[in-house]
Amino acid sequence: MKLIATLVSIAALASVPLWLRDPYLMNALITTGIFIIGAMSLNLLLGFTGQLSLGHVAFFGIGAYTSALTSLGFDIGVFGDFHIVHEPWPPIAGFFLAIVVAGLCGYLVGRLSFRVRGAYFVIVTISFAEVVRLVALNWIELTQGPLALNNIRSIAIPLPGLSELVIRTKLHNYYLVLTVAVIAYVLIARLVRSHFGRAMRGLMENETLAVSVGIDVTRTLTLAAVISAAIAGAAGSLYAHYIRIIDPDIFAFINTVTMVIMVISGGKGSLAGPIVGGLIFGLMPVFLRPIMAPEAQWIAYGGVLIVILFLLPRGIVPSFSRLLSKQRGQAPAPDGMAFAKNDAKEPA
Amino acid sequence: MSEFLQHLVNMLVLGGTYALLGIGLTLIFGIMNVVNFTHGVLYTFGAYMMFIVVQQLGMNFFLALPVAVVAGWALGAIIELTLLRPLRGSDIDTTMLVMIGAWIAMQSGALWIWGGVAKSVATPFPEAPLVIGPVSVSWLRLFVLAAAALLIVATYLLINRTKLGCAMRATFQDHDTASLMGVNVDLIYPSTFAIGSSLAAAAGALLGPVYVIFPQMGDLAAVKAFAIVILGGLGNITGAVIGGFILALAEELGAGYVSSGYRDAMGFLIIIAVLIARPTGLFARSERVG
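What you see is a predicted model; the values in this text were computed from it and never measured.

Reading the values: the criteria
Residues numbered from 1 in each chain as written. Chains lettered and ligands numbered in written order. Predicted model: local features only at pLDDT ≥ 70, side-chain atom pairs only at ≥ 80, totals over all residues. Helix = DSSP H or I, 4+ residues; strand = E, 2+ residues; numbered from the N terminus. Rg over C-alpha atoms; globule rule 2.2 N^0.38 Å. Buried ≥ 20, exposed ≤ 12 C-beta atoms within 10 Å, placed from the backbone. Contact = placed C-beta atoms within 7 Å. Pairing = 2+ DSSP bridges. Expected span 1.5 Å × (residues − 1). Axes fitted to C-alpha atoms, helices over the stretch in contact; angles between N-to-C directions. Parallel < 35°, antiparallel > 145°, perpendicular 65-115°, else oblique. Left-handed = near helix turned anticlockwise from the far one by under 90°. Nonpolar A, V, L, I, M, F, W, Y, C, P; charged D, E, K, R; others polar. Core = buried A, V, L, I, M, F, W, Y, C linked by C-beta atoms within 7 Å. pLDDT = per-residue confidence, 0-100.

**Description of the overall build of chain A**
Part 1 of the argument: On a plain count of helices and strands, chain A comes out with 14 helices and four strands.
Part 2 of the argument: Over its C-alpha atoms chain A spans a radius of gyration of 21 Å, differing by no more than 12% from the 20 Å that the globule rule assigns to 348 residues.
Part 3 of the argument: In terms of principal-axis extent, the alpha carbons of chain A reach across some 70 × 50 × 50 Å.
Part 4 of the argument: Within chain A, the fraction of its 348 residues that count as buried is 44%.
Part 5 of the argument: A separation threshold of at least 6 residues defines the contact pool for chain A, and within that pool the share at least 24 residues apart is 75%.

Set out below in structure tokens:
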């Protein structure tokens with residue numbers, strides 16, 4: 001049942017370019033899709049380990065810059081006359097490097113910041129993102145600072161036996177983003193249903209109890225942070241090669257907030273939550289644009305966030321699935337566990 | 001050497017307002033345990049109150065400061081009563097996200113009302129700075145330091161020497177017991193939040209004329225306030241004052257001797273270093289955090 005719903009949703013999303021011709025809407029869908037990938041990766045931390053990272057955009061931005069710099073090349077001087085010169089590589093290499101570099105950063109940040117919890121963790125992660133933003137702004141030799149990295153090449157996928165496919169049009173980009181999103185979704189879904197996923201949720205419910213049954217807290221949390229950061233890095237890379245210009249504003253706090261809003265409104269700890277929340281909040285500006293001034297749109301944005309938190313504190317998807325199971329006369333599934341019922345096999 | 005002395009003088013002036021920001025937030029974040037993302041907006045709000053009273057209404061500069069304090073107090077009370085009161089008892093993440101929503105809405109509101117163009121405020125102080133030996137400091141900045149010092153001492157006395165201050169400390173130590181002892185806790189929550197907010201507004205009103213006033217000016221101020229509170233230890237007013245001066249010193253020396261581009265990175269680096277090495281703050285008794 002769940003599988004059918006998932007396949008139908010994917011088919012519906014895949015059919016969108018066939019009937020939607022408006023380039024502005026397509027653009028909104030592609031950027032929303034990229035942010036939804038970021039939101040899904042954030043959900044892995046926020047929804048399944050309970051750690052609210054408000055520096056998530058750092059990994060997104062690091063992915064974007066890594067990918068852009070790999071494909072553009074750079075020449076930086078260190079220790080006076082010694083230069084590190086990097087010749088441009090194919091953008092597809094940048095995409096995979098972005099995943100690796102963002103994952104490594106996730107490891108480092110995780111090792112450092114998981115020493116503290118709650119509000120302290122939140123503030124450490126915000127600080128990390130701001131430091132990275134200031135480095136991107138001030139290390140002009142590498143990043144061009146506020147002048148931005150321009151003319152980032154489009155991703156080209158080498159096809160076996162054929163010439164390579166350059167992802168240049170909106171149609172191409174849409175399917176690329178959709179493919180990466182589906183891969184990320186499947187990866188996260190398999191992960192949270194595994195032994196490791198149960199360890200994560202055990203930690204979220206009761207850390208002391210989880211430790212007492214032998215769950216290695218730091219290892220579990222760090223692994224979650226690495227995977228989450230790597231997926232965010234992939235999203236950042238897609239963003240860089242789609243928009244084709246990036247500047248330090250990519251690290252703006254509001255981008256993290258956007259991802260958090262997508263996760264919270266859709267329902268943290270629910271696999272479909274970030275997608276539903278992401279589609280609502282990603283496409284909201286498109287529908288608000290004709291009727292509101294840009295500042296008023298942001299006021300509405302903040303207002304809607306507050307209203308959702310007041311009315312549906314658990315998020316849209318969990319609230320509705322609860323309603324559905326009540327109507328069918330089933331006992332409501334406990335928080336975050338609804339999807340894990342029919343898949344309880346234990347990996348070795 | 002004279003350069004270093006100048007940095008020290010700048011640090012004193014900057015540190016005073018940082019301390020003001022810090023003690024405002026330590027009341028809200030440290031004592032009430034609300035991760036207050038609207039603190040920066042209150043700072044911006046105070047600065048715009050200054051702009052309205054002095055530039056638009058043409059009233060006295062010295063009258064504007066109390067107006068900003070009272071307006072900040074009122075806005076803080078409104079935020080507590082409308083947004084935080086219904087959420088009392090819910091988890092810290094929900095409250096934090098509601099405050100983020102309020103921050104986005106209020107900052108965009110400021111942008112809508114006053115526009116994105118930076119505003120400046122005329123002051124009654126002479127242009128020529130006061131020069132003592134190798135260092136010079138403007139009269140405006142001296143006034144800012146004096147006003148900040150006055151407000152800091154007043155807050156310290158309010159929290160530590162008055163009945164209201166005692167009731168506040170009791171309420172956030174043990175809500176139920178304080179209530180049983182006859183403290184009207186429903187009054188204490190908005191009072192504390194309002195006092196913290198009025199201090200943020202005062203800091204904005206004092207620094208607004210020194211720099212320029214624009215809708216996003218509060219963002220960095222808020223992060224710096226968090227740095228100061230963490231540095232000094234949660235709820236520790238003396239710690240927040242010392243933390244404010246330490247942050248100001250780190251920024252001055254960082255900007256002067258490392259690179260001015262990284263001036264604003266100091267606060268973040270301090271947060272990361274302190275939380276990793278000594279998460280209870282530099283001046284706290286040992287206790288487990290998190």
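**Quick word on the overall build of chain B**
Part 1 of the argument: A count of helical and extended segments in chain B gives eleven helices and two strands.
Part 2 of the argument: Listed N to C, the secondary structure of chain B is α-α-α-α-β-β-α-α-α-α-α-α-α in terms of helices and strands.
Part 3 of the argument: Over its C-alpha atoms chain B spans a radius of gyration of 19 Å, differing by no more than 12% from the 19 Å that the globule rule assigns to 290 residues.
Part 4 of the argument: Referenced to the eigenvectors of the C-alpha coordinate spread, the extents of chain B come out at roughly 60 × 45 × 35 Å.
Part 5 of the argument: Counting the 290 residues in chain B, one finds 51% classified as buried.
Part 6 of the argument: Within chain B, residue pairs in contact and separated by at least 24 positions form 76% of the contacts whose partners lie at least 6 positions apart.

**Some remarks on the pairing of strand β1 (residues 74-78) of chain A**
All names here are of chain A.
Part 1 of the argument: Here β1 lies mainly on the outside; zero of its five residues are buried.
Part 2 of the argument: Bridge count between β1 and strand β2 (residues 82-86): five bridges; the pairing is antiparallel. Bridged to Gly-77 within β2 is His-83.

**Focus: helix α9 (residues 217-232) of chain B**
Residue and element names in this part refer to chain B.
Part 1 of the argument: If you check α9, its first and last C-alpha atoms are 23 Å apart, about what 16 residues at 1.5 Å a residue would give, namely 22 Å.
Part 2 of the argument: The buried count for α9 comes to 15 of 16 residues, which makes it a mostly enclosed element.
Part 3 of the argument: Immediately downstream of α9, the backbone of Gly-233 shows phi near 95°, a positive value.

**Points about the packing of helix α2 (residues 39-56) of chain B against helix α3 (residues 61-84) of chain B**
All names here are of chain B.
Part 1 of the argument: In contact at an axis separation of 8 Å, α2 and α3 are set at 140° when each is read in the N-to-C sense. Taken together, the axes of α2 and α3 are oblique relative to one another. Considering the relative orientation of α2 and α3, their crossing is right-handed. Only Phe-61, Leu-63, Ala-64, Val-67, Ala-68, Ala-71, Gly-72, Leu-75 and Gly-76 of α3 make contact with α2, whose side of the interface consists of Leu-42, Phe-45, Gly-46, Met-49, Met-50, Val-53 and Val-54.
Part 2 of the argument: Here the contact of α2 with α3 is built from residues that sort into 13 nonpolar, three polar and no charged.

**Focus on the interface of chain A and chain B**
Part 1 of the argument: With 34 residues of chain A at the interface, the matching set in chain B holds 34 residues.
Part 2 of the argument: Elements represented by at least two residues in the side of chain A that touches chain B include exactly α5 (118-138), α11 (253-266) and α13 (294-311) of chain A.
Part 3 of the argument: With 13 residues, α5(A) is the largest single contributor of residues to the side of chain A that touches chain B.
Part 4 of the argument: For the side of chain A that touches chain B, the residue count by class is 25 nonpolar, five polar and four charged.

**Some thoughts on unusual backbone geometry**
All names here are of chain A.
Part 1 of the argument: Unusually for a residue other than glycine, Gln-144 sits at a positive phi of about 65°.
Part 2 of the argument: Relative to the helices and strands, Gln-144 resides in the loop between α6 (140-143) and β3 (156-157).
Part 3 of the argument: What makes Gln-144 partly exposed here is the crowd of 17 C-beta atoms within 10 Å.

**Quick look at the nonpolar core**
Part 1 of the argument: If you look at the biggest cluster of nonpolar residues, it comprises 200 residues, and the most contacted ones within it are Met49(B), Ala68(B), Ala201(B), Ala202(B) and Ile271(B).
Part 2 of the argument: With 15 residues, the single largest contributor to this core is helix α10 (residues 217-243) of chain A.
Part 3 of the argument: Those residues in contact with Ala68(B) that lie beyond four places of it in its chain are Gly46(B), Met49(B), Met50(B), Ala201(B), Ala202(B) and Ala205(B).

**Overview of the environment of Gln51(A)**
Residue and element names in this part refer to chain A.
Part 1 of the argument: Mapped onto the secondary structure, Gln-51 falls in the loop between α2 (23-46) and α3 (57-72).
Part 2 of the argument: Owing to 25 C-beta atoms within 10 Å, Gln-51 belongs among the buried residues under this scheme.
Part 3 of the argument: For the pair Gln-51 and Ala-272, spaced 221 residues apart in sequence, the C-alpha to C-alpha distance is 19 Å.
Part 4 of the argument: Leave out the neighbours within four places in its chain, and Gln-51 touches Leu-45, Leu-46, Phe-121 and Leu-221.

**Concerning the confidence of the model for chain B**
Residue and element names in this part refer to chain B.
Part 1 of the argument: Here chain B averages 87 in pLDDT, while 97% of its residues score no lower than 70.
Part 2 of the argument: Taken as a whole, residues 286-290 scores under 50 in pLDDT and shows ten contacts with residues more than four places along the chain or in a different chain.
Part 3 of the argument: We note a pTM of 0.84 for the whole complex and an ipTM of 0.83 for its interfaces.

**Topic: the packing of α2(B) against α9(B)**
All names here are of chain B.
Part 1 of the argument: Where α2 contacts α9, the axes come no closer than 7 Å and their chain directions differ by 130°. It follows from the interaxial angle that α2 and α9 lie oblique. Crossing geometry of α2 relative to α9 is assigned as right-handed. In this structure, α2 contributes His-39, Gly-40, Val-41, Tyr-43, Thr-44 and Ala-47 to the contact, and α9 contributes Met-217, Gly-218, Asp-219, Ala-221, Ala-222 and Ala-225.
Part 2 of the argument: Each residue belonging to the contact of α2 with α9 can be placed in one class, and the counts come to seven nonpolar, four polar and one charged.

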